[in-house]
Amino acid sequence: MARKISIGVLGAGGIALRKTIPALAGAKNCRVAAVMDPVDAGRIAETLGVAKAYEKETDLLADPEVEAVYIASPVSCHLRQIEAAAEAGKHILCEKPLTLSLEQARRAVTACRKKKVFLQEGYMMKFHGAHRLLKQLLDEGRLGKPTYLRAQLSCWYPPIPGAWRQDPRSGGGGALIDMASHLLDLLEYFIGPAKRMAVLTGRLVHGYRSEDASTLLLEFRCGAHATIDCFWCIPDEASRTRLEVYGSQGAVFTEGTIGQSTGGKMEGIFGLGDAGYDAAQDKDVTRRFQPIRFPKINPYRAEFETFAECILTGRPPEINGPANALRMMKLIEAAYVAAKKKEFVNV
């Protein structure tokens, strides 16, 4: 039987309980060794069938059976827990954003390098089957030269007492850092680094301290333009989480692939580079988009399996490794600067 990496979970409620621990338990080269949560560790362990439960992170990190940790606690806890895990010699997969700031991210990366432990960040949307296939299509030039991308991720997130994402002191910000960062990461994965951005943020509906609205306009080094729109004040049923990628020879659309699911749908049209000029510009014609099949991959399971494979082979993470983590924190900080200045900033 192939060896499995024993992973402990720091912060086992919320997204970890709903999505990531079940995915971790199903990963082919991982096992859930223990969970830690200051409130419900015992109940969570019993619910998920995990043998060990801790209320303190120090106790989990002292467990010799735990080879690596998955951190899913509030962002304000990440730096302390990364440094403690590195000191204990545990490899680390940490939820995004890595820390509250770029300066903290540098400290986290330095701590891991010093102790020679791997660090991977949880931008799991790159592992979705549709996004992997779209990356392949772009790399093969099937769309021609990329020209414009649009990515959408919105939901209804009303005021909830004690919700750490709704206070920038514990979450670093709101819709921008929590959701738009996912899409910044995804679009750079598709077509390379962004060059500059302009950003709007606001508290349009909800009264908590974090922003509930964010819209980003980007120019990439390859020349393509993009918009990212992420809101916490749009009802879930009204948001289709669409991804649109246009090129000089075609386009690909997805719906329902951005988010926490494995499914959604994908369609595309290709080979239009020699279509000729339509002087009539009739836009009510029937479009020839065709459905595109893609493998159904649980993105959380895939990121855990990639993380464990790095540990088993001794090969540092290439996807979502330290360099990408620092890049994303740089982009997030630049986005908030752009929102404050209300002008383009270089990234």
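Scroll up to find the structure.
To keep things clear, this report deals only with the structure shown in the data block. Owing to the predicted nature of the structure, the values given are computational and were not obtained by experimental measurement.

### Here's the deal with the nonpolar core
Thought 1: Of all hydrophobic cores here, the largest spans 84 residues; its most connected members are I92, M197 and I228.
Thought 2: Of the residues forming this core, the biggest block, 11 residues, is contributed by helix 8 (residues 175–191).
Thought 3: The residues touching I228, leaving out its near neighbours within four places in the chain, are A151, A180, L183, L184, L187, S214, T215, L216 and L218.
Thought 4: Judged by nonpolar contacts, the second largest core, of 24 residues, contains A27, A68, F118 and A308.

### Re the side chain of S239
Thought 1: Tracing the sequence through the fold places S239 in the loop between strand 10 (225–231) and strand 11 (242–247).
Thought 2: Overall, S239 belongs to the buried group, its relative accessible area being 11%.
Thought 3: Filtering out sequence-adjacent residues up to four positions away, S239 remains in contact with Q152, S154 and I234.

### Describing the environment of A334
Thought 1: Considering the arrangement of structural elements, one finds A334 in helix 10 (residues 322–341).
Thought 2: Note: C-alpha distance between A334 and A198 (136 residues apart in sequence) is 9.3 Å.
Thought 3: In contact with A334, not counting residues within four places along its chain, are M197, V345 and V347.

### A closer look at the layout of surface pockets
Thought 1: Approximately 1000 Å³ is the volume found for the largest pocket.
Thought 2: I15, R18, R165, D178 and Q260 are the residues nearest the centre of the largest pocket, which is lined by 43 residues in total.
Thought 3: Counting residues per element, the lining of the largest pocket draws most heavily on helix 4 (residues 75–87), which supplies five residues.
Thought 4: When its residues are assigned to classes, the lining of the largest pocket shows 20 nonpolar, 14 polar and nine charged.

### Some remarks on the sheet that holds strand 8 (residues 194–202)
Thought 1: Pairing is mixed in the open sheet, where nine strands are placed in the order 14-13-12-11-7-10-9-8-15. Bordering the open sheet on either side are strand 14 (290–291) and strand 15 (345–346), each of which pairs with just one other strand.
Thought 2: Seen against the sheet, helix 8 touches strand 7 (146–152), strand 8, strand 9 (213–220), strand 10 and strand 11 and runs at an angle of roughly 155 degrees to strand 10.
Thought 3: On top of the sheet, helix 10 reaches strand 8 and strand 15; it is set at about 55 degrees to strand 8, its chief contact.

### Observations concerning a nonpolar patch on the surface
Thought 1: Together, W156, L204 and V205 make up a nonpolar patch on the protein surface, roughly 320 Å² of accessible area in all.
Thought 2: For V205, the location among the structural elements is in the loop between strand 8 and strand 9.

### A closer look at the pattern of salt bridges
Thought 1: Per the stated rule, a full pass over the model turns up 19 salt bridges.
Thought 2: A salt bridge links K115 to E87; the shortest N-O distance between them is 3.5 Å. With K115 in helix 5 (residues 102–115) and E87 in helix 4, this residue pair connects regions lying 28 residues apart in the sequence.
Thought 3: A salt bridge links K96 to D178; the shortest N-O distance between them is 3.6 Å. One end of the pair, K96, is in the loop between strand 5 (91–94) and helix 5; the other, D178, is in helix 8, and 82 residues separate them in sequence. Across the pair, exposure class does not vary: K96 and D178 are buried alike.
Thought 4: Connected via shared salt-bridge partners are R31, K52, D63 and E65.

### Focus: the sheet that holds strand 2 (residues 30–36)
Thought 1: Taken together, six strands build an open sheet; the order of strands is 3-2-1-4-5-6 and the sheet is parallel. Edge strands, defined here as strands with exactly one partner in the open sheet, are strand 3 (52–54) and strand 6 (119–121). Neighbouring strand axes in the sheet, compared pairwise and without regard to direction, differ in orientation by 25 degrees on average.
Thought 2: Pairing between strand 4 (residues 68–71) and strand 5: four bridges, direction parallel.

### Details of helix 10
Thought 1: The terminal C-alpha atoms of helix 10, which comprises 20 residues, lie 29 Å apart, in line with the 28 Å expected from a rise of 1.5 Å per residue.
Thought 2: Every buried residue belonging to helix 10 is among P322, N324, A325, R327, M328, M329, L331, I332, A334, A335, A338 and A339, and all of these are buried.
Thought 3: On the buried face of helix 10, the contacting elements are helix 5, strand 6, helix 8, strand 8 and strand 15.
Thought 4: Downstream of helix 10 by a residue or two, K342 has a phi angle that is positive, lying close to 60 degrees.

Procedures and definitions
- Residues numbered from 1 in each chain as written.
- Predicted model: local features only at pLDDT ≥ 70, side-chain atom pairs only at ≥ 80, totals over all residues.
- Heavy atoms only, no water.
- Core = buried A, V, L, I, M, F, W, Y, C linked by side-chain atoms within 4.5 Å.
- Buried < 20%, exposed > 50% of the residue type's maximum accessible area, 1.4 Å probe, protein only.
- Helix = DSSP H or I, 4+ residues; strand = E, 2+ residues; numbered from the N terminus.
- Contact = heavy atoms within 4.5 Å.
- 1 Å grid on protein atoms, 1.4 Å probe; cavity = no way out; pocket = protein on both sides within 12 Å on 5 of 7 lines; lining within 4 Å.
- Points joined across faces, edges and corners; volume = space filled by probe spheres on them.
- Nonpolar A, V, L, I, M, F, W, Y, C, P; charged D, E, K, R; others polar.
- Pairing = 2+ DSSP bridges.
- Axes fitted to C-alpha atoms, helices over the stretch in contact; angles between N-to-C directions.
- Patch = residues over 30% accessible without salt bridge, like charges linked within 9 Å, V, L, I, M, F, W, Y side chains within 5 Å.
- Areas by Shrake-Rupley, 256 points an atom, 1.4 Å probe, with all protein chains shown as cover.
- Salt bridge = Lys/Arg side-chain N within 4 Å of Asp/Glu carboxyl O.
- Expected span 1.5 Å × (residues − 1).

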